[in-house]
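The primary structure of each chain is shown beneath.
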Amino acid sequence: MLTNNLGYPRIGSNRELKKACEQYWSGKTSQQELLQIGKQIRLHNWRLQKDAGIDLIPSNDFSFYDQVLDMSLTVGAIPSQYNKIILNGHNTELDLYFGMARGYQRDELDITALEMTKWFDTNYHYIVPEFYNNQQFSFFSRKIVDEFYEAKQAGILTKPVLIGPVSYLLLGKEKEEGFHRIELLKNLLPVYFEILTELKSNGVEWVQFDEPFLCLDLSEAEQDAYKKVYSEIKRRFPGIHVQVATYFEGLKDQTRLACSLPIDALHIDLSKDPGQLDQVLDILPDQMSLSLGLVDGRNIWKNNFNDSLKQIQHAVDKIGNQRVIMAASCSLLHSPCDLELETNEHILTSEVKQWLAFAKQKIDEIVTLSKLAEGSKDESLKRKLEDNQAAMESRKTSDLIHDKTVKKETKEVQNADFKRNSPFSIRKEKQTELLNLPLFPTTTIGSFPQTSEIRKQRALFKKGSIDIEEYEQALKFETEKTIRWQEEIDLDVLVHGEFERNDMVEYFGEQLNGFVFTKNGWVQSYGSRCVKPPIIYGDVSRSKAMTVKWTQYAQSLTSRLVKGMLTGPVTILQWSFVRDDQPRSVTCNQIALAIREEVKDLEDVGIRIIQIDEPAIREGLPLRKADWQNYLQWAIKAFRVASTGVEDETQIHTHMCYSEFNDIIHNIAEMDADVITIECSRSKMELLDAFTSFEYPQQIGPGVYDIHSPRIPLEAEMVDLLMKAKKVIQPEQLWVNPDCGLKTRNWDETKKALAEMVNAAKSMRLSEVKPMTV
Ligand code: GLN
Ligand code: ZN
């Protein structure tokens, strides 16, 4: 039984790559030094996998920024504006590469970066390839061959990983009208042949083609493309073992197509869809091996060996030991590197740690499972199996995880319908009377600039260099400054600024039961940016108020309304590693109940407006459309559990960035928030199209300026946008706000931009004043 790995984290166990890239970008180190770090990481990863006993070790899974961008450079898909970077004599391919990834502002050039978007339903972001009519491709970057050769020199024969041609095209975007990108296949495929020819002449045995799209909804042309690509490859390269890797979904209706491809091995994600095993085994052709993606590649839980061994045995019974390959569900890119680095008992206790496995540990699981399945009687393996069983048993019964009260309350949620006391029309009347806001009320999304001073204070506090009083003094100072300043520029609904939070999920996770954090559990999000998601390991509950103190403090400073600021249950879930021993919907409901209590506490101390941020609702949508309604049902219910425990007079806001939700606008309305603030400015209010055909009942703040850019918007531009919005939304429904939190901006930009925004709202009010009739 071969052991197979689809990809290994490339950031380095101590984020060496992040640091090296950022040093290089800031001009502190040479390109040579950066290349050296890359090489060290690759060799380290290959050796680690080789020593652990992996047979099919990936190469070309390393990347200085993103594997999709690597692919674009490999096939020469370089939009013309970037050519100028390389024409400039002193620049190298790597400068071009980083220019495409991050933009290029030097040598009198000013080129923006390529667009970035989410990699399927993960939190990883890739650089979107751009395609033009009848685009020509060429074998441009030789990275894949170089890295294969590099490993070979080190005595390791690797399996190069490529994004398959169909998925590569589907990942991109047409930048011109009049064609579909899949039509470019005929131009693209010859470049893949060139790559394979080179690899072949260097002695390659296995090649892995990542084709996650094979699990998604496909058109007929796309299905045909799959057939064409892999039969052509088989015809031209009969000597290369081709592995097609699918992940993040089950093959479902595409099982037949996948099994009809003339390939040597098919990889399936059994962690996401264990049910597909039987369907695939039933029709797997004799010459094809099956790679069982049993070890979860995108979560941090130990594999349940007993369960996996049963599935492996089942596959072996059907197709024989020779054709079964053991693997993780997807690339380990989405797992933190190494659990052994978590040595601080205060952060991650050994009780929780025994349930976890990071990338390095998952590699060991793959090998151990294959050996156990082959019937090895080795003593150390027997012990590993026993330890695994013990860990599974303790997870099932641990008091740390299981809280009877929480379980009972969550059950009750399942059966109840969560609603506000009155429908929106009645709430609106009561709120209008109580809140007494002008037309086009102005507000912000929550955070204000987190200056280096604040970050420094937080770091000092965490290190223990300053005590809590001193830290809180600094926070109070910033909060008061922010309140005064918001009063001065005449905003209507104020916020406290979120200075006490470093991250909108971590802040809540740290205070809720059922969460733990790691010291070093970093996962690449994009480029050099890494995130350290909290781990939800147990039943979630709230032991004390989490935000009341700071909100109340801010409110005590002003006679204007201060908005309470919470993160919603779906977003907390979506941006964490979530326990896999119960449905995600159940965990989400538990978080929702905790937020519901917080909402009530805020109401009790007199906070009249409470915002529950849900920026991640959209990205939680399943990959297959058929599964959308089920997800939306529980996600929206969770929001309602969190938000409906208040009186009619209390106004509930929600906020969503990434609001491409034209197709789910009905569901957004069902959330029944009194006000929703959304991102809108980049698309020049295009997002409001959804509101033309659907009469959105509640109030809306379409963001009138882009906080992701340092540019100061002008009053007139924002008035323009608001006039556009007014065409599809009634003036009484409109709020005026930026499109996201301001924490990444500086004070100077923020002050100027918000002053312009308040003026824009004021001109809008003037334009609404009806001339007096005598
Ligand atoms: N309230 C949060 C903030 O202002 C919202 C952030 C977000 O939507 N991502 O920072
Ligand atoms: Zn936002």
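Note: the structure precedes this text.
Predicted model, so just to flag it, every value in this text is computed and none were measured.

Undergrad: Would you take a moment to explain the site of ligand 1 for this structure?
TA: The full set of residues close to ligand 1 is Ile-445, Gly-446, Ser-447, Glu-498, Met-504, Met-565, Asp-613, Pro-615, His-655, Cys-657, Cys-740 and Gly-741. Here Glu-498 contributes a side-chain N or O atom positioned 2.9 Å from a nitrogen atom of ligand 1. Note that an oxygen atom of ligand 1 is positioned 3.0 Å from one of the side-chain N or O atoms of His-655. When the free accessible area of ligand 1 is taken as 300 Å², the share hidden by the protein chains comes to 90%. Looking at the shell around ligand 1, its residues break down into six nonpolar, four polar and two charged.

Undergrad: Sorry, what's going on with the coordination of the zinc ion (ligand 2) here?
TA: Ideal donor angles around a metal are set by the shape: a four-donor tetrahedron calls for 109.5 degrees, a six-donor octahedron for 90 or 180 degrees. Protein-derived coordination of the zinc ion (ligand 2) comes from His-655 (NE2), Cys-657 (SG) and Cys-740 (SG), at a distance range of 2.0 to 2.2 Å. Geometry at the zinc ion (ligand 2) is tetrahedral, judged from its four donor atoms and the angles of 89 to 125° they form at the metal. The sequence motif formed by the donor residues of the zinc ion (ligand 2) is H-x1-C-x82-C. Here Cys-657, found in the loop between strand E23 (651–656) and helix H25 (665–670), pairs with Cys-740, found in the loop between helix H27 (715–728) and helix H28 (747–768); they are 83 residues apart in sequence, far enough to count as distant. Residue classification places Cys-740 among the buried positions, given a relative accessible area of 17%.

Undergrad: Is there a simple way to explain empty space enclosed by the protein in this structure?
TA: Per the counting criterion, the structure on display carries four cavities of 30 Å³ or more. Every residue lining the largest cavity is counted, 19 residues in all, and those nearest its centre are Arg-10, Asp-61, Gln-67, Val-161 and Asp-210. Breaking the lining of the largest cavity down by element, the ones donating at least two residues are helix H3 (67–74) and strand E8 (159–163). A per-class count over the lining of the largest cavity returns 10 nonpolar, five polar and four charged.

Undergrad: How should the packing of aromatic side chains be read in this particular structure?
TA: How two aromatic rings sit relative to each other is set out by the distance from centre to centre and by the angle between their planes. Counted by the stated rule, this structure contains 23 aromatic pairs. Ring plane angle 45° and centroid distance 6.1 Å describe the contact between Trp-25 and Tyr-65, whose orientation is recorded as tilted. Of this pair, Trp-25 sits in helix H1 (residues 16–25) while Tyr-65 is found in the loop between strand E2 (58–59) and H3, placing the two residues 40 residues apart along the sequence. Residue Trp-25 is classed as partly exposed on the basis of its relative accessible area of 22%. Measuring from centroid to centroid gives 5.8 Å for Phe-120 and Phe-248, while their planes differ by 50°, and the two rings are tilted. One end of the pair, Phe-120, is in the loop between strand E5 (116–118) and strand E6 (125–127); the other, Phe-248, is in the loop between strand E11 (241–245) and helix H10 (255–260), and 128 residues separate them in sequence. Comparing Phe-120 with Phe-248 shows no difference in burial state: the two are buried.

Undergrad: What should I look at first to understand the sheet that holds strand E22 (residues 609–613) in this one?
TA: Within a sheet, neighbouring strands are paired by backbone hydrogen bonds and run either parallel or antiparallel to one another. In space, the six strands of this open sheet follow the order E15-E20-E22-E23-E24-E25, with parallel pairing throughout. Every other strand in the sheet has two partners, leaving strand E15 (493–494) and strand E25 (699–702) as the edge strands with one partner each. Alignment of strand E24 (residues 675–678) against E25, held across four bridges, turns out to be parallel. What sits directly across from Ile-678, in E25, is Pro-702.

Undergrad: What should I look at first to understand helix H11 (residues 276–283) in this one?
TA: Because each turn of an α-helix spans 3.6 residues, side chains separated by three or four positions in sequence point in the same direction. The complete set of buried residues in H11 reads Gln-276, Leu-277, Val-280 and Leu-281. One side of H11 holds all its buried residues, which, seen down the axis, span an arc of 130°. As for H11, its buried residues are in contact with H10, strand E12 (265–269), strand E13 (289–295) and helix H12 (305–319).

Undergrad: Hey, could you run me through the sheet that holds E12 in this one?
TA: Read from one edge to the other, the open sheet built from eight strands follows the order E1-E14-E13-E12-E11-E10-E8-E2, with strand pairing classed as parallel. At either margin of the open sheet sits one strand with a lone partner, and together these are strand E1 (2–4) and E2. Relative to E13, H12 is tilted by about 175°, and along the sheet it contacts E13 and strand E14 (324–328).

Undergrad: I'm lost on the pattern of salt bridges in this one. Help?
TA: Counted by the stated rule, this structure contains 53 salt bridges. Residue Glu-500 is joined to Arg-501 by a salt bridge in which the shortest nitrogen-to-oxygen separation is 3.2 Å. An identical accessibility class is assigned to Glu-500 and Arg-501; each is buried. Close ionic contact of Glu-598 with Arg-542 constitutes a salt bridge, the shortest N to O distance being 2.7 Å. Residue Glu-598 is found in helix H23 (residues 584–604), and its partner Arg-542 is found in strand E19 (residues 535–542); the two are separated by 56 residues along the sequence. Each member of the pair, Glu-598 together with Arg-542, is buried.

Cut-offs and rules
- Residues numbered from 1 in each chain as written.
- Chains lettered and ligands numbered in written order.
- Predicted model: local features only at pLDDT ≥ 70, side-chain atom pairs only at ≥ 80, totals over all residues.
- Heavy atoms only, no water.
- Near = heavy atom within 4 Å.
- Polar contact = N/O pair within 3.5 Å; in protein donor to acceptor, adjacent residues only side chain to side chain.
- Areas by Shrake-Rupley, 256 points an atom, 1.4 Å probe, with all protein chains shown as cover.
- Nonpolar A, V, L, I, M, F, W, Y, C, P; charged D, E, K, R; others polar.
- Donors = N, O, S within 2.8 Å, 3.2 Å for Na, K, Ca; no water.
- Tetrahedral: all angles 85-135°; square planar, octahedral: opposite > 155°, others 65-115°.
- Helix = DSSP H or I, 4+ residues; strand = E, 2+ residues; numbered from the N terminus.
- Buried < 20%, exposed > 50% of the residue type's maximum accessible area, 1.4 Å probe, protein only.
- 1 Å grid on protein atoms, 1.4 Å probe; cavity = no way out; pocket = protein on both sides within 12 Å on 5 of 7 lines; lining within 4 Å.
- Points joined across faces, edges and corners; volume = space filled by probe spheres on them.
- Phe/Tyr/Trp six-rings, centres within 6.5 Å; stacked < 30°, edge-to-face > 60°.
- Pairing = 2+ DSSP bridges.
- Arc of directions from axis to C-beta.
- Contact = heavy atoms within 4.5 Å.
- Axes fitted to C-alpha atoms, helices over the stretch in contact; angles between N-to-C directions.
- Salt bridge = Lys/Arg side-chain N within 4 Å of Asp/Glu carboxyl O.

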